[in-house]
Amino acid sequence: MALYAVTMAEKSAAERAENIRTGYTFDGGSVRLGTAMVDGEVFPEAAVALPLRMMNRHGLIAGATGTGKTITLQLMAEQLSEAGVPTFLADIKGDLTGLSTPGEASEKLAARTRNVGMDWSPATYPVEYFSLGGAGTGVPIRATVTSFGPLLLSRVLGLNETQEASLMLVFHYADQKNLELDDLKDLRAVIQYLTSDEGKDELADLGGLSKATAGVILRSLVTLETQGGDQFFGTPEFDTAELLRTVEDGRGVISCLELPTLLRQPLLFSTFLIWLLADLFEELPEVGDAEKPELVFFLDEAHLLFEDASKAFMDSITTTVRLIRSKGVGVFFITQTPQDVPAEVLGQLANRVQHALRAFTPDDAKALKATASTFPLSDYDLEEALTAAGTGEAIVTVMNETGSPTPVAWTRLWSPRSRMGASEEAVVEQAVAASGLLEEYGTVVDRASASEKLDGREQDQAGRAEQQPNHGRDRQTDSAESGTGRGSGERTTRPAGRAARNGSGRRPSTSTRRQDNPIMDVAVQVAGVLGKELVRGLFGTRRRRR
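Calculation criteria
Residues numbered from 1 in each chain as written. Predicted model: local features only at pLDDT ≥ 70, side-chain atom pairs only at ≥ 80, totals over all residues. Heavy atoms only, no water. Helix = DSSP H or I, 4+ residues; strand = E, 2+ residues; numbered from the N terminus. Buried < 20%, exposed > 50% of the residue type's maximum accessible area, 1.4 Å probe, protein only. Pairing = 2+ DSSP bridges. 1 Å grid on protein atoms, 1.4 Å probe; cavity = no way out; pocket = protein on both sides within 12 Å on 5 of 7 lines; lining within 4 Å. Points joined across faces, edges and corners; volume = space filled by probe spheres on them. Phe/Tyr/Trp six-rings, centres within 6.5 Å; stacked < 30°, edge-to-face > 60°. Lys NZ or Arg CZ within 6 Å of the ring centre and 35° of its normal.

Enquirer: Would you explain unusual backbone geometry in this entry?
Expert: Glycine aside, negative phi is the norm for most residues, and most peptide bonds take the trans geometry. That bond from Thr 235 to Pro 236 is cis: its omega, 0°, falls within 30 degrees of zero. With respect to the helices, strands and loops of the structure, Pro 236 is situated in the loop between α10 (211-226) and β7 (246-247). With a phi angle near 70°, His 58 is a residue other than glycine that sits in the positive phi range. Mapped onto the secondary structure, His 58 falls in the loop between β2 (41-51) and β3 (59-62). Residue class for His 58 comes out buried when judged on its relative accessible area of 1%. Even without glycine at this site, Asn 178 takes up a positive phi of about 55°. Along the chain, the position of Asn 178 falls in the loop between α7 (161-176) and α8 (184-194). Residue classification places Asn 178 among the buried positions, given a relative accessible area of 17%.

Enquirer: What is the right way to look at the pairing of strand β13 (residues 409-413) in this model?
Expert: Consecutive residues of a regular strand have side chains that alternate between opposite faces of the sheet. Along β13, four of the five residues are buried, which leaves the element largely enclosed by surrounding structure. Inspection of the sheet shows strand β1 (residues 30-38) paired to β13 by four bridges, in the antiparallel sense. Along β13, the bridge assignment pairs Thr 35 with Arg 412.

Enquirer: Sorry if this is basic, but what is going on with empty space enclosed by the protein here?
Expert: The tally for this structure, following the rule as stated, stands at two cavities of 30 Å³ or more. For the second largest cavity, the calculated volume is near 40 Å³. Lining the second largest cavity, in full, are Ile 274, Leu 277, Leu 299, Leu 305, Ile 317, Thr 320, Val 321, Phe 333 and Phe 539. Looking at the lining of the second largest cavity, the elements with two or more residues in it are α11 (266-283) and α13 (311-323).

Enquirer: Would you mind showing me how to read the packing of aromatic side chains here?
Expert: Each aromatic ring pair is characterised by the separation of its centres together with the angle its planes make. If you walk through the whole model with that rule in mind, you get 13 aromatic pairs. On the basis of an interplanar angle of 70° and a centroid distance of 6.3 Å, the ring pair of Tyr 24 and Phe 26 is categorised as edge-to-face. Just as Tyr 24 is buried, Phe 26 falls in that class too. Centre to centre, the rings of Phe 272 and Trp 275 are 6.0 Å apart; their planes meet at 65°, and the pair counts as edge-to-face. Placement of the pair is Phe 272 and Trp 275 together in helix α11, with a separation of three residues, close to one helical turn. Classification of Trp 275 as buried rests on a relative accessible area of 0%. Through pairs of rings, three or more aromatic residues link up here, namely Phe 148, Phe 232, Phe 233, Phe 269, Phe 272 and Trp 275. In this structure, Arg 155 packs its charged tip against the face of Phe 313, placed 4.6 Å from the ring centre. A cation over a ring is seen here: Lys 327 above Phe 281, with NZ or CZ 4.8 Å from the ring centre.

Keep in mind these values describe shape, not function.
Okay, structure coming up:
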């Protein structure tokens, strides 16, 4: 505190503002967050921004409920889109649908934007609306159980480490036998087969799977199905390359995932977000230090990711966050306090936008002190600033272009150009109806998979499939080649070399590749359980090559 008092006495407000202005002057592109405040005065010339090339160093947007975290997220998504950077964000309350509607001018808004030196005008942005398994308004996102993997599924099912290891054995068996686990009924069929008289010899070969453990897993699957969790698993499986698109004018597509029932199934939803991130991590090529990120991924309600997480799950998250930046992906965690994020993850978040905290209890006061201590040395009394910041204000420090932290800046944030609040339902429904992605993902396809193979109905299922209408599975060209409109009715493109498709309009499955590669098949059999590492990633997810 003595050093703080001396620093305050030696510098005028204008000098401190100039220090901030200099610290946030970058050579490359940036996302403007707002304008610095010193001693309650706004200094419009002291811009506070985040350099684009450092957004893959990840970040944290934190603050108490009602302090403006969602508006900050909206502001950042708008400017990233304008810079040609696609974004992914989860919309829990429906407020982010306002991105599809231009903002409305008012005297209050005009006064605020003048105050922070913003030349405000209304705008809309290219938004693609998604829903998990069709639960909500948007293009359905589904994953196959095979791709989702045993580690993530164990977390959804609430299994302990022993049961998790047993589930890994079941997945390994299915991988070896080319039994596609498209949905939960497929997984249930494999487990039931392994515990039946017919499959008991193969169960014995697996070694670690007991009938009692299998029974626990089966009961957990039934519970998940009765809660509606089965609708998120199936085909066609979502290709995460869809998150990397731009429209014709160069703006990045904002992928908005609606989560209206998050509170009913928080663990399932949060784990699905990790699956999306894990798939990107496994599939994207290394890009090094680019001038701007390939994608910025915003993880809202981040505390849900870490509650009661196993050590294996935490290790996988930590490794993914550490390594995915080299793939050009920035990850921003959004939560109420930094203490919601484990230290090993928090230490990798170079960019901080901290909205106000509340200190109503002794635990709150302790969290406040801990948060203040994580910021660089500052000219502000941070404990006071963190409690006194108003709605639409934040304490900011980011990584500059040389890799050093910028000066801490009490910032009055800019305002979004789109509507701050939900769009009319008709606007969102129109955007979804105009999406070219509905052709590929809009209809569930129940193909012959593990359950059909195990009960001998594969040929019959194939015969019925020939009589069913084609739901976009045989599309020959991608939107970038054919000009098919995607996302808000605008034509979109993907980065070259991504999402290469075969003649059926889908990328080749891992099981198909293994059938074509007997050497790999033998290697997996010889390697035993450890063979899963040849085809599965950090989270046990199925690795696919685009």
